[in-house]
Amino acid sequence: MPVVLSGISNNEEFRRMSRKDQLLKEFGHKTIRLSSANTYSYKKVDVTLQKYVDDILKPQSLEMLGNETLYWFGDNNYSEWEALFSKYKIPPLKLPNTSPVLSFGLAGAGTGVPFHWHGPGFGEVIYGRKRWFLYPPEKTPAFHPNRTTLQWLVEDYPTLSQEDMPLECTIMPGEVIYFPDHWWHGTLNIDTSVFMSTFLGPS
């Protein structure tokens, strides 16, 4: 089952280094890889962090589809970002025969990734708030892979029957969610958010 955890690690130094002014000062010239904010994330675009913050990082429009929305999450160059990533304290919890892989992100209010699934891991919010919607592996949610989580929340969520409602929660700064293997989940950044996921892959 998914679990929300609080106070399991102290990431204050990482949080300080993840402030907008600090990120741009240290890494604004670095190239980052953006993904389309749809279920399959096929589209990839390389830009500098400065350009992303100045020109692309905006609140999600209700009319814009997920495959038209660019979002920075993952595809991180670990060697270029080592000065930041080395300060992150991963959740002190493990699954047998797994190794952690970090995935860092920064995204605007109203953005998110529609329903998808993968292996287990943890998601921590550094700044902002992130809303999660989850279904167990055997219950595939009804959604369109190119429509955004915001569109689903506004148009489809109110029509769900009680038995089709997802598990849901809002993760606050310093909180961590554990998402189990193969659980469906969609996310929505309530604010402009900075976040880190720790994926637990086979070791």
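Cut-offs and rules
Residues numbered from 1 in each chain as written. Predicted model: local features only at pLDDT ≥ 70, side-chain atom pairs only at ≥ 80, totals over all residues. Heavy atoms only, no water. Core = buried A, V, L, I, M, F, W, Y, C linked by side-chain atoms within 4.5 Å. Buried < 20%, exposed > 50% of the residue type's maximum accessible area, 1.4 Å probe, protein only. Helix = DSSP H or I, 4+ residues; strand = E, 2+ residues; numbered from the N terminus. Contact = heavy atoms within 4.5 Å. Phe/Tyr/Trp six-rings, centres within 6.5 Å; stacked < 30°, edge-to-face > 60°. Lys NZ or Arg CZ within 6 Å of the ring centre and 35° of its normal. Salt bridge = Lys/Arg side-chain N within 4 Å of Asp/Glu carboxyl O.

Student: So what about the nonpolar core? Which residues, and what values?
Tutor: Of all hydrophobic cores here, the largest spans 28 residues; its most connected members are Leu 49, Tyr 52, Trp 72, Trp 81, Leu 84 and Phe 104. Broken down by secondary-structure element, the contributors of at least two residues to this core are helix 1 (12-17), helix 2 (20-27), strand 2 (31-36), helix 3 (49-56), strand 4 (70-73), helix 4 (82-85), strand 5 (98-107) and strand 11 (193-202). For this core, the leading source of residues is strand 5, giving 4 residues. Contacts of Leu 49, omitting those with residues within four sequence positions, involve Leu 23, Leu 24, Phe 27, Gly 28, Lys 30, Ile 32, Trp 72, Trp 81 and Leu 106.

Student: Account for the packing of aromatic side chains, naming residues and giving values.
Tutor: The final tally for this structure, using the stated rule, is 23 aromatic pairs. Between Phe 115 and Phe 143, the aromatic rings sit 5.7 Å apart at their centres with planes inclined by 55 degrees, giving tilted as the arrangement. Taken together, the residues Phe 115 in the loop between strand 5 and strand 6 (121-127) and Phe 143 in the loop between strand 7 (130-135) and helix 5 (149-156) connect sequence positions 28 residues apart. Pairwise contacts between aromatic rings join Phe 14, Phe 27, Tyr 52, Trp 72, Tyr 78, Trp 81, Phe 85, Tyr 88 and Phe 104 into one cluster. Sitting over the face of the ring of Phe 195, Lys 130 holds its NZ or CZ atom 3.7 Å from the ring centroid. Positioned above the aromatic ring of Tyr 157, the side-chain terminus of Arg 131 is 5.7 Å from the ring centre.

Student: Describe the pattern of salt bridges, with residues and values.
Tutor: Taken as a whole, this structure holds 9 salt bridges when the rule is applied. One salt bridge connects Arg 19 with Asp 21, and the closest N-O pair in it is separated by 2.6 Å. The exposure class of Asp 21 is partly exposed, given its relative accessible area of 40%. Residue Arg 131 is joined to Glu 168 by a salt bridge in which the shortest nitrogen-to-oxygen separation is 2.6 Å. Of this pair, Arg 131 sits in strand 7 while Glu 168 sits in strand 8 (residues 167-171), and the two are 37 residues apart along the sequence. What makes Arg 131 partly exposed here is its relative accessible area of 21%. Relative accessible area serves as the criterion here: at 32%, Glu 168 is assigned to the partly exposed category.

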